[in-house]
Amino acid sequence: MSELRKQKPVTWTSSRRRFLSSASLAAASTVAVPSFVSAETLGLGKSVPPSDRITVGGIGIGRRGTYDLGCFLEQPDVQFIAICDIKEKQRNAIKERADQHHGNSDCDTHRDFRELLARDDIDSVLIATGPNWHATAATYAARAGKDIYCEKPCTKNIVQSLQLAETMNRSGVVFQAGTQRRNLPHFEFACMLAREGRLGKLQTVHAQPRGMKADMSGWMPPEDAPPIEKVDWNMYLGPAAYRPYNEKLLDGFNFEKGGGLTGGGVLEWGSHCVDLCQWAADADSVPAISYKAPENNRIEAEYPNGVKLVLRDDGWLPLGSCPVRFEGTEGWVETGDSGKLALSSPELLAGRKVEEIGGYPATFHVRDFLDCVKTRSVPRAGAEAACYAHITCHAANVALYLNRDVSLDPDTYEFINDDEANRLRNEAFREPWQI
Amino acid sequence: MFNACRFFLLTSILALLVNTHSGFAAEVESEADLIAILEADDSPKSEKAIACKKLAVHGSSECIGAVAPLLLDPELTSWARITLEAIQDDAAVEALAAASSKLDGLPLVGVLNSLGVRRSSGTVTTVADYLSSDDTQVVEAASLALGKIGGDTARDALLGNLEANDKAKASLAAEGLIRIAEVAMAEGSTGPATDLYDKIRSLDTVPRPLIVEATRGAILARGIDGVELMVETLSADDRRIREVAFMTARQLEGDGVIDRLIASRGQVPQRLQPMFIRALGGRGEAALVSEIMSILGDASSSEALKVAALDVLPEVGGGDQLVGLLSVAVASDSIVSEAALKALSKIQDEALDNQILDVVKKSEGVKQQILVQLIGTRFLDGADFLKETIRDGDGVVRELAMEAMGNVVEIDDIPFLIERATGDNSDPLTSVALKSLGTACARMPDQKACVGQLRSAIDKSDLETQVVLVETLAAMGGAEALGLLGDLAKGGSTPIQDASTRVLGGWMSTDAGPVLAEIGRIDGHPYRIRAVRGYLRLVRQFVMKQQQRHQMIDTAVELADRAAELELVLDATKRYPTHHNLKVAVELSKVDSVSDLAKETANEIAAKLKPSPAVTKLLESME
């Protein structure tokens, strides 16, 4: 049988008129941005009246959140009606942007996200606080019955990852982790090559941790705290253990990431590129199980299906940030944020033109989320997929922190015969928070 | 037993790994030292906090006595609980339980939360006492803690609050009880779980999100018998409750569930049937195929329902439904037709491939056009049929067949495409063939053999054809095509050199650098300047390692002999400010034609570099 017979069809993007007229093959052979459910089905064929829009509230909209918000506002069926942030300046800035976009003055401001969640007129929330808050805020949002788009890393440790997935499942809400590369054509295509056996039997998946280290935000010398209306320090600390106000800690992006002992690049970047490796390895329902101690600035792990995961910073082709590489018995593929693909053989492309989208936009990921809100489906980066990708990152960090081999029990996700490792699976929340 | 040597090693690693803003001390502490920090009255709270964190990972039961008093300190209680939640010793739980009686407000809430995490059945009574508290946060903590601990005693305590005449307490009790029910369901105790879910969803004192959770649980806990409740729930007035029913349609487990779900479609309101069929599609079960075909064949089915059915078909099968889907594709309105075409393209089944190759031979008109395109989009072994169609077919299908050829031919058919791509320009098929040739060449696994065929064709062709084939090399890409282009650019006729250097100038990888540099060094080459500028494009715009860029900038200086190109070199140095590139700019300041720009550039680069005597010296070397 010809090798060509092994090639699978690709997404059909042409219209019928073009199809029947003649030259639709190129379009048909293009791996384009995901189309999901048709616009007509979702009622997006024309402008969407406000009453039919998905109402969205934002929780913790800083630098990254402002970008995400732009992706939401691009969508014709979104009405952004409330912002919660512990910083007054940010609350006002986001309100101004939303009001300007919608041409009204309706965006409400809140300092405590529980007020926002208590509103019946909000369908979904965008959570883009620092990682310290992600899992906790998402859990409270689920308890309030809101659908959730949550930035990554979504959790601080293994137990939070499991609880997050369990909570989303139990509460019947739609959850999308902010791992937007799952909805970019080149990453999707690379994962498809691996998943569908076009690389032969998948052997090894590679991800870049971009710096393996542990971070601890600590307890810094106290400073005079601003008025609570300006900066609500207590809400900023949230589930993190108490410490007095110090302005240097007000960098939500880095504050208490991974619970303070096991954060760093493996979690920050791994929640993207380990997530892609997991998708490629067809392991969205299971984390890597065994982890070797770091050696030569690499960590190696293994999924239950025998696929090896390699976390490494060196040796990448110049294909942009967040690179991944998948190697099978018959070929390999590597790609990154440039949108370009490197392949062991051009035959793997088989006539397709993979749409090259650099800069890792989140627009398509947000659209996927909104479509699933309407159809009550599971988004590409649903809670279960996010759970196991994060567990793998956390477990790799435990191997890094303890500097020794560790193994997870595939049923309980507890480390086998390693009390110290197990103590890093979870961390107490500051009162009153819990998930 | 705590191992002191191991602790020494681990804390050493900790000191190395942890990027401290303040807390972690660099010195190595023993557990005894950490305990001493906790017990000393004059230890700063910051040190006590970090000591708790270290003990949470490396401490033993020995430290519990020192940690427990910190539970009473509002600023340290959360740190103390980090330790006490982590140490798997009954003494830690006892310390938490004992502290509860001395606390109120938030510290008490925290302790109750920790008891929930520890899930010790021995603490149920202690925790349950707080269900009657006047502090809602305390009741919340106690309710959720009991939900996590579980067991009959916890359940009964929560049921007491569920039935009490206090809406807030009932709501929190429901939340705890749902957690107990979830555990029961997971353990197979579906009867008790169902009872709890039904009780909760029947109460009007419970807020909507909990009714949603209880409804979901009530459906799933019933297994196949949950289908009836699921269908009933689809008619609920509340949108969120309806929505969770759709989710359960995906999640219900058990033998025969899919058949029961399919059989229940008639009871689902018409307007919800598209979402219902999408939910069933999410189960990925082949049993849905016949139902989908039935929907498509039913004249009374709505357009939205047909589209939904076709959207989910590839997820469940449909590999044997070519004829039916073709009929839908050619007979329906445009939205349904397009969905059918999309389904035909996406269904992954070798049986469908074989059907397409078989049926296409007997088809005509629009059906044949569709099938011919499917041969291409599905990458089927249909080259011989496509060639026949190109030879004997009518206009539209010939073009479609030619286009499909690019996706299906193997190396032996490259000459066929070359011949057609370099034929009569007035034939519309020629341009299609050229595009197909580019597609085919780009995907050939043996690039060397493919380029060999193109080289052979170029050698035998007239000038016009040669130029056409150069364009094919551009579409192809890769090292082999680059090699041939380099040869043509250096040794071909002037028009071929023109075409080849044009292609090389737009090459999309830095591999073209050496080829362009080689041409740039050929005195009198008619396109030498174009090659140099192409080289500078790579230097300025492409991602590469710093060392490679430095080498290429040095080569560019060597190749550039006009002010226009030297200005581009300076632009490259400015884009990538390094000490090396500063030196290049300083050196170019000695070239009259770009001296001023070079000085300006050097100063801009220097401003972006870390100040150093070497940088100052270089700047001073400029006049």
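In this numbering scheme, every chain counts its residues from 1 along its sequence in written order. In the order they appear in the text, chains get letters beginning with A and ligands get numbers beginning with 1. Given that this is a predicted model, residues contribute local features only at a pLDDT of at least 70 and side-chain atom pairs are listed and counted only at 80 or more, while totals for whole chains, interfaces and linings are drawn from all residues. Side-chain numbers here rest on the full set of heavy atoms in the structure, without hydrogens or water.

Caption draft 1: Geometry of the overall build of chain A. A run of DSSP states H or I qualifies as a helix once it reaches four residues; a run of E qualifies as a strand once it reaches two. Both are numbered from the N-terminal end. Counting secondary structure elements, chain A contains 14 helices and 17 strands. To sort residues, take the accessible area from a 1.4 Å probe on protein chains only and compare it with the maximum for the residue type: under 20% means buried, over 50% means exposed, and anything in between is partly exposed. Across the 435 residues in chain A, those meeting the buried criterion constitute 67%. The contact rule is simple, with two residues in contact once any of their heavy atoms fall within 4.5 Å. Long-range pairs, those at least 24 residues apart, make up 70% of the contacts in chain A with a sequence separation of at least 6. Surface accessibility in these figures is a Shrake-Rupley result with a 1.4 Å probe; residues are shielded only by whichever protein chains are displayed. Working note: accessible area of chain A is about 14300 Å², and carbon and sulfur atoms make up 48% of it.

Caption draft 2: Up close: the overall build of chain B. Secondary structure assignment for chain B yields 38 helices and one strand. Across its three principal directions, the C-alpha atoms of chain B cover 95 × 85 × 40 Å. Sorting the 623 residues of chain B into buried and exposed places 55% on the buried side. By sequence separation, contacts in chain B at least 24 residues apart represent 62% of the contacts at least 6 residues apart. Of the roughly 26100 Å² of accessible surface on chain B, a fraction of 49% belongs to carbon and sulfur atoms.

Caption draft 3: Geometry of the sheet that holds strand 17 (residues 406–407) of chain A. All names here are of chain A. At least two bridges found by DSSP between two strands is the condition for calling them paired. Pairing is mixed across the open sheet formed by eight strands, whose spatial order is 15-14-13-8-12-11-10-17. Strands with a single pairing partner mark the edges of an open sheet, and in this sheet they are strand 15 (341–343) and strand 17. Direction of pairing for strand 8 (residues 202–207) relative to strand 12 (residues 308–312): parallel, over a ladder of four bridges. Residue pairing in the sheet places Val-205 in a bridge with Leu-309 of strand 12.

Caption draft 4: Quick peek at the environment of A:Gln176. All names here are of chain A. Here Gln-176 lies in strand 7 (residues 175–177). Residue Gln-176 is classed as buried on the basis of its relative accessible area, which comes to 0%. Residues Gln-176 and Ala-386, spaced 210 residues apart in sequence, show a C-alpha to C-alpha distance of 8.3 Å. For Gln-176, the side chain forms a polar contact with the main-chain oxygen of His-365, separated by 3.1 Å. In the analysis that follows, any N or O atom pair within 3.5 Å is treated as a polar contact, provided that within protein one partner can donate a hydrogen and the other can accept it, and provided that, for residues neighboring in sequence, both atoms belong to side chains. Only 3.3 Å separates the side chain of Gln-176 from the side chain of Asp-368, close enough to count as a polar contact.

Caption draft 5: Structural view of the nonpolar core. For our purposes a nonpolar core is just a set of buried Ala, Val, Leu, Ile, Met, Phe, Trp, Tyr and Cys residues, chained together by side-chain atoms within 4.5 Å. Core analysis: the biggest nonpolar cluster contains 322 residues, and A:Ile148, A:Phe175, A:Phe326, B:Trp79 and B:Met230 have the highest contact counts within it. If you tally residues by element for this core, the top one is helix 13 (residues 383–402) of chain A, at 13 residues. Apart from the residues within four sequence positions on either side, B:Met230 is in contact with B:Ile219, B:Ala245, B:Thr248, B:Ala249, B:Leu261 and B:Phe276. Core analysis: the second largest hydrophobic core is formed by 24 residues, A:Val78, A:Phe80, A:Ala98 and A:Cys372 among them.

Caption draft 6: Broad picture of the pairing of strand 5 (residues 124–127) of chain A. All names here are of chain A. Burial of strand 5 is two-sided: the residues Ser-124 and Leu-126 facing one way and the residues Val-125 and Ile-127 facing the other way are all buried. Pairing geometry for strand 5 and strand 6 (residues 147–150), over four bridges, is parallel. Counterpart to Leu-126 in the pairing with strand 6 is Tyr-149. For crossovers, right-handed means that the path from the first strand over the helix to the second runs clockwise, given strands pointing away from the viewer. Handedness of the crossover is the feature at issue here: the chain leaves strand 5, passes through helix 6 (residues 131–143), returns alongside strand 6, and the resulting connection is right-handed.

Caption draft 7: Representation of the sheet that holds strand 5 of chain A. Residue and element names in this part refer to chain A. What the six strands build is an open sheet, ordered 4-3-2-5-6-7; its pairing is parallel. Every other strand in the sheet has two partners, leaving strand 4 (108–110) and strand 7 as the edge strands with one partner each. For this sheet, the mean angle separating the axes of adjacent strands, direction not counted, is 20°. Here strand 6 pairs with strand 7 via three bridges, running parallel. Bridging from a neighbouring strand, Tyr-149 pairs with Gln-176 of strand 7. Axis definition: a line fit to C-alpha positions, over the contact stretch in the case of helices; interaxial angles, taken between N-to-C directions, run 0 to 180 degrees. Against the sheet, helix 4 (residues 88–102) contacts strand 3 (78–84) and strand 4, and its axis sits at roughly 165° relative to strand 3.

Caption draft 8: Inspection of the pattern of salt bridges at higher detail. What counts as a salt bridge is simple: a side-chain nitrogen of Lys or Arg found within 4 Å of a carboxyl oxygen of Asp or Glu. In this structure the tally under the stated criterion is 73 salt bridges over all chains. With a closest N to O distance of 3.6 Å, A:Asp314 and A:Arg298 form a salt bridge. Of the two residues, A:Asp314 is situated in the loop between strand 12 and strand 13 (324–328) and A:Arg298 in strand 11 (residues 298–302); the sequence distance between them amounts to 16 residues. Overall, the relative accessible area of 41% leaves A:Asp314 in the partly exposed class. Connected via shared salt-bridge partners are A:Asp123, A:Asp147, A:Arg376, B:Arg239, B:Arg240 and B:Glu243.

Caption draft 9: Expanded view of the packing of helix 20 (residues 322–331) of chain B against helix 23 (residues 365–377) of chain B. Residues and elements named next belong to chain B. Direction vectors running N to C along helix 20 and helix 23 enclose 115°, while the axes themselves pass 10 Å from each other. In the packing of helix 20 onto helix 23, the handedness of the crossing is right-handed. Listed contacts from helix 23 to Leu-322, Leu-326, Ser-327, Ala-329 and Val-330 of helix 20 are Val-366, Lys-367, Ile-370 and Leu-371. Residue composition of the contact of helix 20 with helix 23, by class: seven nonpolar, one polar and one charged. If you view the pair so one helix is near and one far, a crossing is left-handed when the near helix is turned anticlockwise from the far one by less than a right angle, and right-handed when it is turned clockwise. Three classes are used: nonpolar for Ala, Val, Leu, Ile, Met, Phe, Trp, Tyr, Cys and Pro, charged for Asp, Glu, Lys and Arg, and polar for all others, with Gly counted as polar.

Caption draft 10: Region of interest: the packing of aromatic side chains. Residues and elements named next belong to chain A. Each Phe, Tyr or Trp ring, with Trp reduced to its six-membered ring, pairs with another whose centre is within 6.5 Å; inter-plane angles below 30 degrees give stacked pairs, above 60 give edge-to-face pairs, and intermediate values give tilted ones. Taken as a whole and assessed by the stated rule, the structure comprises 14 aromatic pairs over all chains. Seen from their ring centres, Tyr-388 and Tyr-413 are 5.6 Å apart, and the 55° between their planes marks the pair as tilted. In this pair, Tyr-388 is assigned in helix 13 and Tyr-413 in the loop between strand 17 and helix 14 (419–423), connecting sequence segments 25 residues apart. Considered together, Tyr-388 and Tyr-413 belong to a single accessibility category, that of buried residues. Cluster of aromatic residues (ring-pair linked, three or more members): Phe-113, Trp-133, Tyr-140 and Trp-433. In this scheme, the term charge over a ring applies when either NZ of a lysine or CZ of an arginine sits within 6 Å of the ring centre and within 35 degrees of the ring normal. Across the ring face of Trp-316, the terminal group of Arg-312 is positioned such that the distance to the ring centre comes to 3.9 Å.

Caption draft 11: Examining helix 35 (residues 563–575) of chain B more closely. Residues and elements named next belong to chain B. End to end, helix 35 covers 18 Å across 13 residues, agreeing with the expected 18 Å (1.5 Å per residue, within 8%). Along helix 35, the positions that sit buried rather than exposed are Glu-565, Leu-566, Leu-568, Val-569, Leu-570, Ala-572 and Thr-573. Packing partners of the buried residues in helix 35 comprise helix 33 (528–541), helix 34 (546–559), helix 36 (579–588) and helix 37 (595–608). Under the convention used throughout, the expected extent of a helix is 1.5 Å for every residue step, that is, one less than its residue count.

Caption draft 12: A look at the packing of helix 3 (residues 63–73) of chain A against helix 4 of chain A. All names here are of chain A. The contact between helix 3 and helix 4 brings their axes to 12 Å, and the two run at 15°. The pairing of helix 3 with helix 4 is recorded here as roughly parallel in orientation. By crossing handedness, the relation of helix 3 to helix 4 is classed as right-handed. Between helix 3, through Thr-66, Leu-69, Gly-70 and Leu-73, and helix 4, the contact on the second element is made entirely by Gln-90, Ile-94, Arg-97, His-101 and His-102. Grouping the constituent residues of the contact of helix 3 with helix 4 by class yields three nonpolar, five polar and one charged. Small angles under 35 degrees read as roughly parallel and large ones over 145 as roughly antiparallel, with 65 to 115 read as roughly perpendicular and the rest as oblique.

Caption draft 13: View of the confidence of the model for chain A. A score from 0 to 100, pLDDT tells how confident the predictor is in each residue. Across chain A, the average pLDDT comes to 87, with 87% of residues at 70 or higher. Predicted confidence is poor over residues 1–29 of chain A, with pLDDT under 50, and the contacts of this stretch with residues over four places away or in other chains come to 102 contacts.

Caption draft 14: Examining unusual backbone geometry more closely. Residue and element names in this part refer to chain A. The step from Lys-152 to Pro-153 runs through a cis peptide bond, and the omega angle for that step is -10°. As for its placement among the helices and strands, Pro-153 is situated in the loop between strand 6 and helix 7 (158–171). Omega for the peptide link from Glu-431 to Pro-432 comes to 5°, which places this bond in the cis form. Counting through the fold element by element, Pro-432 comes out in the segment after helix 14. Located in the positive-phi region is Asp-282, a residue other than glycine, with phi close to 55°. Take Asp-282: it is sitting in the loop between helix 11 (270–280) and strand 10 (290–291). Since its relative accessible area comes to 54%, Asp-282 is described here as exposed. Located in the positive-phi region is Tyr-360, a residue other than glycine, with phi close to 40°. Relative to the assigned elements, Tyr-360 resides in the loop between strand 16 (353–354) and helix 12 (363–375).

Caption draft 15: Quick peek at helix 30 (residues 478–491) of chain B. Residue and element names in this part refer to chain B. In this model, helix 30 (14 residues) spans 20 Å end to end at C-alpha, consistent with the 20 Å of a helix rising 1.5 Å per residue. Here helix 30 has its buried residues at Ala-481, Leu-482, Leu-484, Leu-485, Gly-486, Leu-488 and Ala-489. Of the surrounding elements, those touching the buried residues of helix 30 are helix 28 (447–460), helix 29 (463–476), helix 31 (494–505) and helix 32 (512–520).

Caption draft 16: Structural view of the environment of B:Asp198. Residues and elements named next belong to chain B. Its place among the elements puts Asp-198 in helix 12 (residues 190–201). Given a relative accessible area of 23%, Asp-198 falls into the partly exposed group. Put simply, Asp-198 and Ala-218 are 20 residues apart on the chain and 6.2 Å apart in space, counted from C-alpha to C-alpha. Excluding residues within four positions of it along the chain, Asp-198 makes contact with Ala-218 and Arg-222.

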